[in-house]
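What follows is the residue order along each chain.
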Amino acid sequence: MITPQNVFRHEFIGLTIEVTDSNHKECVGIKGKIIDETRNTLVVDTGDDEKRLIKDQVEFKLYLPEDRIVLVEGKYIVARPEDRIKKKFNKIR
């Protein structure tokens, strides 16, 4: 089960995301479902089109099951998904 404490050790594809801050102000407010993830990017289906977000340039909310929301700074998840899942994280709030 995915929780705020173990979110980094799970797959992001299928989760809803909303960009809250970015180096590129046109990215702020993008909301949709994550459909692909690479080492440096997330691809989000907004309903109208697909947006590619650079992980280390965005801060976003991940909407988890059971109406939980986690705020994530993208610079902490820059890694291939399969490597991020194996990585140990110190303390997650």
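This text follows the structure it describes.
The rules behind each value
- Residues numbered from 1 in each chain as written.
- Predicted model: local features only at pLDDT ≥ 70, side-chain atom pairs only at ≥ 80, totals over all residues.
- Heavy atoms only, no water.
- Core = buried A, V, L, I, M, F, W, Y, C linked by side-chain atoms within 4.5 Å.
- Buried < 20%, exposed > 50% of the residue type's maximum accessible area, 1.4 Å probe, protein only.
- Helix = DSSP H or I, 4+ residues; strand = E, 2+ residues; numbered from the N terminus.
- Pairing = 2+ DSSP bridges.
- Axes fitted to C-alpha atoms, helices over the stretch in contact; angles between N-to-C directions.
- Contact = heavy atoms within 4.5 Å.

Chemist: In this structure, what is going on with the nonpolar core? I would like to understand it.
Modeler: One broad rule of soluble globular proteins: the nonpolar side chains tend to lie buried together. Val7, Phe12, Ile17, Phe60 and Leu62 are the most contacted members of the largest nonpolar core, which totals 20 residues. By residue number, the principal contributor to this core is strand 5 (residues 58–64), which donates four residues.

Chemist: It is not clear to me how unusual backbone geometry should be interpreted in this structure. Could you clarify?
Modeler: With the exception of glycine, most residues fall at negative phi, and the peptide bonds are largely trans. Positive phi, close to 65°, is recorded for glutamate 66, a residue that is not glycine. Assignment of secondary structure puts glutamate 66 in the loop between strand 5 and strand 6 (68–73). With phi around 55°, aspartate 67 is a residue other than glycine that occupies positive phi space. Mapping aspartate 67 onto the fold places it in the loop between strand 5 and strand 6.

Chemist: I'm lost on the sheet that holds strand 3 (residues 41–45) in this one. Help?
Modeler: The strands that make up a sheet pair up through hydrogen bonds in the backbone, lying either parallel or antiparallel. The strand order 4-3-2-1-5-6 describes an open sheet built from six strands, whose pairing is antiparallel. Two strands bound the open sheet, and with one partner strand each, they are strand 4 (50–54) and strand 6. Strand after strand, the sheet turns through a mean of 40° between neighbouring axes, direction not considered. Here strand 2 (residues 31–37) runs beside strand 3; their pairing, made up of four bridges, is antiparallel.

Chemist: I keep staring at the environment of proline 65 and nothing clicks. Help me out?
Modeler: Its location among the elements puts proline 65 in the loop between strand 5 and strand 6. The contacts of proline 65, once residues within four sequence positions are left out, are Ile2 and Leu15.

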